[in-house]
Structure formats: structure tokens, C-alpha cells
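One letter stands for each residue in the lines below.
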2 protein chains.
Amino acid sequence: MEEKEISQAVIGRLPRYFRYLGELKDQGIERVSSQELSDIMKVTASQIRQDFNNFGGFGQQGYGYNVEYLFQEIGKILGLDKSHNLIIIGAGNLGQALANYGNFERRGFLFMGIFDKNPLLYGRKIRDREVQPMEDMEAYVKSNHIDIAVLTIPKTEAEAVAQRLVCCGIKGIWNFAHVDLNVPEEVQVENVHLSDSLMKLSYNISRFQKNR
Amino acid sequence: MEEKEISQAVIGRLPRYFRYLGELKDQGIERVSSQELSDIMKVTASQIRQDFNNFGGFGQQGYGYNVEYLFQEIGKILGLDKSHNLIIIGAGNLGQALANYGNFERRGFLFMGIFDKNPLLYGRKIRDREVQPMEDMEAYVKSNHIDIAVLTIPKTEAEAVAQRLVCCGIKGIWNFAHVDLNVPEEVQVENVHLSDSLMKLSYNISRFQKNR
DNA sequence: AAAATAATGTCAATGAATTGACAGCAGGTT
DNA sequence: AACCTGCTGTCAATTCATTGACATTATTTT
């Protein structure tokens, strides 16, 4: 069984396909061709076919793709057919906002707990879960099958906490701290560097001004 | 004056360079070679030199790069030498969290106001600014030189609001809504699709499980 | 002051990603 | 039932991005 590695460029596009297919599904549309998708999504039809084919061909010649089926399959590829338990580390503004943001549940990401090092927050209820002290993190991860930790803590603390999470067997870290984490390859890290994103926007604004 | 287009691949790496250079600067380090940076950042020295050279060569043969100078120059390229006024549209969890997150100010992004369509929130103070009604958005943008609008509203409303922002001359939109906005090319959009990011993490976790 | 060293800027080579082209098959039509 | 049309899967061509190599120049050492 030889599985070829799929490039992250392709993976990065899957959630967008997933989103558009979900919309088509909600509109009751049954079939779609790569050309139609191309028109809606503003990417080439060739790329769409190439991308889907990495996973073995979901379409039928002369017909196109079945929306419902393709949606399901991409969901499976993304691992959305299984649910993931997640905890949030850092009950600051961002941590609380993410905890309260209900939409992730829809895709099987279950909010299981939130931790902070500030004793003043202990016991405060956020989305029906009490803020727990950092010391209890490891035990909680182990006994509740936590897959994903969301890091919304200052960058100075992120690396140390990441190490502790690695030690208790976390599978993935969704990192909002402005620092690159150093973890073994069996732990997946997905960075959301908000200020990097804002700087890119700033660059593009400046560039456009100059080109006038 | 022929300015060649810089690829977004390069731009996407600039904030990371900027971050590492800032750290070196804070440590009081004066000079750095592409090889040293390569070791720290885990990218090839060749890429670093190639990237910097897109903007005209900041280094000196036999010496390397002056940290302070390079930091400044990358900041300028990213447009961080000028300040940007921003408003937040949507005073929900995420909107409030971003408003309260002070770190953007450090890079010249000034929080100037926050808007919501919910009358119950009008007047509530967030970071010393009262939540304003959506109707007042256009007037405020025009009279306060607002460059950037941060969209933290549901996807159903995002497109319409974006159109209104375009009409009153906004330069950039930092879009947290789960939808692709359709705006003219003179308006820059930077998307932060959190659920897409989470799905990528989910994929990488699943993939790793399977490969064992 | 000359020689040795260090490290850039840049060109060429390689590798990866995207696009274009089309054979071949399924579905629809006459 | 035969023909036509539509659209995938895939191969080849092209474009874009990354890496490697090195001539050149500044700095440091002797």
C-alpha cells in the first residue's frame, strides 16, 4: 500500500472546496462539473481535477461530480468524519472568544475545557466549563482523550507549555502565539499568526498606493 | 521606474523575517549573516538572500546584514513605517477580543472604533471606544481616515458590508468571515479563515495516524 | 600592504505547482 | 441502437519557486 504524499498546497485548498460544496449542497444542487466549480471559485478547472485526483477520482466522465458524495469524501480526507476533543490554553480575550465561538462544533471539534494560570479566573464559567488551573492540564489531557490544544497565551510561555503538551501525548497544536514552536514531528502544529496576516495586508495596501 | 512584481510567496515570509530580526535586535545583536539566520529560522541561506534581494540588497559582502537596518527596511517594505487606522465591524466575541488585543498598536495599527448592528451594544465601552451603530459606519470611515476594516460578522452579512466599505473608500479589509469577498482590485483583502486552518490541522493529524 | 577569509548578490540548475491538451468513457439524443 | 456531446482522468508543457554554485567584494589578519 503505497500512499503518495500530498502537497500542503493541495491540502490548503481542500477546506475551500469543502465550503463551496457545502453551499451547493444546501442549495439542493446534485451535480457539478469542474468547469462550473471553476467559474464559481475562480480557479482553473484543470487545477480542480488535478486536486481531486490526488485522492483517486471522485467524478464520472460525461457527468461530473456528485455534490453530496464529493462533500462527504473531502470531509473524510480532512478527518471531519471523526470528532476531535480540544482544550484552550489561555483564558484571555482570544481564548474566551474561541471558546464561545460555537461553529467549530458543527465540524466535530468539541470544546472540552479551558485553562489559565491566573487564579482569579479559576472557576469562572465559559461555555459551561470552568476555567482550570494550568497544573491540572496534563491530567485532564490524558484522562479525557484530548487531541488538540489551542494556544492563546503570550509567546514567552508558549514554548514551555507546548513541551508539556507534547509530553502528555497531544496530537495537534493550534498555535495563536507569535512564536514558532519546536515540537517532534509526531505532533502537528498549525500556526495562526494574526500579526503576520495583518502585515501582509499592510504590504498590499502600500504596494497598491505606490503603483498609482 | 520599472518595479517588478514581488510574489506573494516572498511577501508571506517577510513578517517572519521581521519577527526574528526584532528578536535579534532586542538581544543587542548587531550583525547577522544569511547562514546564521538560516540556522535559526530553518530555511535555506540561499532563500534568505534571494528574498532580500528582491528589494535591492541590504547586506554587504564579507560582513553580512546589519540587524537594525534590515529590521527597519523590512518594516518599511511592509508599510509599518506609516500608521494605519482601523475599525472593527462586529462587536461579538472575536471583534471584542481583537479590539482588546493591544499588540497591533505597537506596529502602527490604531484601533479607532467598533460597530455593531445590535442596539443593545450601542454605547458599551470597548477599549475606550463606544460601540456605534452600523448606520454610522460610512460617515465615520470618511471623516477619520480609516484605512482598514476588520470584519468579524457572520458570513451572511459580510458581502453586503464589504460593498458599503468599498463605496466609502476603504483601502483594506481584514476578513474573518467564512466567505470570499468580491471587491474591486483597488481594495486589498486578507482572509483569516479560522475553520480552514483548523481543518488543515485535522488533516495533518489524521494523516499522521494513518502513516503509523 | 598584501593575503586570507567571509559572506553577499546573482546566475544557472533543479524541483514543484499550475495550466493546457486530449484520449476515452458515460450519459443523453435522435 | 448508433451517434453525438460532455466531462473526467491523465500526460505533457509551461510557469513559478527553491536550491546550489561561484565570482566578486568587503573585512580582517598577518
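Below you will find a few notes about this structure. (Residues numbered from 1 in each chain as written. Chains lettered and ligands numbered in written order. Predicted model: local features only at pLDDT ≥ 70, side-chain atom pairs only at ≥ 80, totals over all residues. Heavy atoms only, no water.)

Brief notes about helix α8 (residues 155–167) of chain A
Residues and elements named next belong to chain A. Its 13 residues give α8 an end-to-end C-alpha distance of 19 Å, which sits within 8% of 18 Å, the value for a rise of 1.5 Å per residue. Listed as buried for α8 are A158, V161, A162, L165 and V166. In the core, the buried residues of α8 are packed alongside β3 (84–89), α7 (137–143), β7 (148–151) and β8 (172–175). Downstream of α8 by one or two residues, G169 has phi in the positive range, about 85°. (Helix = DSSP H or I, 4+ residues; strand = E, 2+ residues; numbered from the N terminus. Expected span 1.5 Å × (residues − 1). Buried < 20%, exposed > 50% of the residue type's maximum accessible area, 1.4 Å probe, protein only. Contact = heavy atoms within 4.5 Å.)

Here we look at the sheet that holds strand β5 (residues 125–126) of chain A
Residues and elements named next belong to chain A. If you trace the 7 strands from one edge of the open sheet to the other, you get β5-β6-β4-β3-β7-β8-β9, paired in mixed fashion. In the strand order of this sheet, the two ends are held by β5 and β9 (188–191), each with one partner. Bridging between β8 and β9 involves 4 bridges; their strand directions are parallel. Each bridged residue has a counterpart across the sheet, and for G172 the counterpart in β9 is Q188. (Pairing = 2+ DSSP bridges.)

Details of the protein's contact with DNA strand C
Lining the immediate surroundings of DNA strand C are 24 residues, of which A:S46, A:Q50, B:S34, B:N53 and B:Q61 lie closest. Between DNA strand C and the protein, one listed contact pairs a base nitrogen with a side-chain N or O atom of A:R49 at 3.2 Å. One of the backbone nitrogen or oxygen atoms of B:F58 is found 3.4 Å away from a phosphate oxygen of DNA strand C. Elements that contribute at least two residues to the surface near DNA strand C include exactly α3 (45–53) of chain A together with α3 (45–53) of chain B. For the surface near DNA strand C, the element with the most residues is α3(A), which contributes 4 residues. (Near = heavy atom within 4 Å. Polar contact = N/O pair within 3.5 Å; in protein donor to acceptor, adjacent residues only side chain to side chain.)

Some points on the interface of chain B and chain A
If you look at the interface, chain B gives 58 residues, while chain A gives 58 residues. Between chain B and chain A, the buried area comes to about 5,600 Å², and carbon and sulfur atoms account for 61% of it. For the chain B face of the interface with chain A, the top three residues by lost area are B:L198, B:M199 and B:Y203, together amounting to 13%. Here chain B and chain A share 10 salt bridges between them. One salt bridge connects B:E5 with A:R207, and the closest N-O pair in it is separated by 3.0 Å. Broken down by secondary-structure element, the contributors of at least two residues to the side of chain B that touches chain A are α1 (8–26), α5 (93–100), β8 (172–175), β9 (188–191) and α8 (194–210) of chain B. Across the side of chain B that touches chain A, the residue classes break down as 28 nonpolar, 17 polar and 13 charged. (Buried area = accessible area lost by both parts, 1.4 Å probe. Salt bridge = Lys/Arg side-chain N within 4 Å of Asp/Glu carboxyl O. Nonpolar A, V, L, I, M, F, W, Y, C, P; charged D, E, K, R; others polar.)

Some words on the protein's contact with DNA strand D
If you check the shell around DNA strand D, you find 25 residues, and the closest are A:S34, A:N53, A:Q61, B:Q50 and B:Q61. Restricting the count to atoms of DNA strand D within 4 Å of the protein gives a sugar and phosphate share of 60%. Note that a phosphate oxygen of DNA strand D is positioned 2.6 Å from one of the side-chain N or O atoms of A:S34. In the model, a base oxygen of DNA strand D is placed 2.9 Å from a nitrogen or oxygen of the A:R49 side chain. Where the surface near DNA strand D is concerned, the elements lending two or more residues are α3 of chain A together with α3 of chain B. With 4 residues, the single largest contributor to the surface near DNA strand D is α3(B).

Looking at the packing of aromatic side chains
What characterises a pair of aromatic rings is the spacing of the ring centres plus the angle enclosed by the ring planes. This model, assessed by the stated rule, comprises 16 aromatic pairs over all chains. When the ring of A:W174 is compared with that of A:F176, the centres are 4.9 Å apart and the planes differ by 75°; the resulting orientation is edge-to-face. Of the two residues, A:W174 and A:F176, neither departs from the other in class, the shared state being buried. Between B:F104 and B:W174, the ring centres sit 5.6 Å apart and the planes meet at 80°, which makes this aromatic pair edge-to-face. In this pair, B:F104 is assigned in the loop between α5 and β4 (109–116) and B:W174 in strand β8, connecting sequence segments 70 residues apart. Across the pair, exposure class does not vary: B:F104 and B:W174 are buried alike. Three or more aromatic residues joined by ring pairs make a cluster, and in this case those are A:Y101, A:F104, A:W174 and A:F176. The side chain of A:R31 reaches across the aromatic face of A:Y63, ending 4.4 Å from its centre. (Phe/Tyr/Trp six-rings, centres within 6.5 Å; stacked < 30°, edge-to-face > 60°. Lys NZ or Arg CZ within 6 Å of the ring centre and 35° of its normal.)

Some remarks on unusual backbone geometry
Although it is not a glycine, A:K42 sits at a positive phi angle of roughly 60°. Assignment of secondary structure puts A:K42 in the loop between α2 (34–41) and α3.

Details of the pairing of strand β3 (residues 84–89) of chain B
Sheet faces and side chains relate simply in a regular strand, where the side chains alternate between the two faces. All names here are of chain B. With 6 of its 6 residues buried, β3 lies for the most part within the structure. Neither face of β3 is left uncovered, since the one carrying H84, L86 and I88 and the one carrying N85, I87 and I89 both have all their residues buried. Examined bridge by bridge, β3 and β4 share 6 bridges and lie parallel to one another. Note on β4: the bridge partner recorded for I88 is I114. With α5 bridging β3 and its parallel neighbour β4, the resulting β-α-β unit is right-handed. (Right-handed = clockwise from strand over helix to strand, strands pointing away.)

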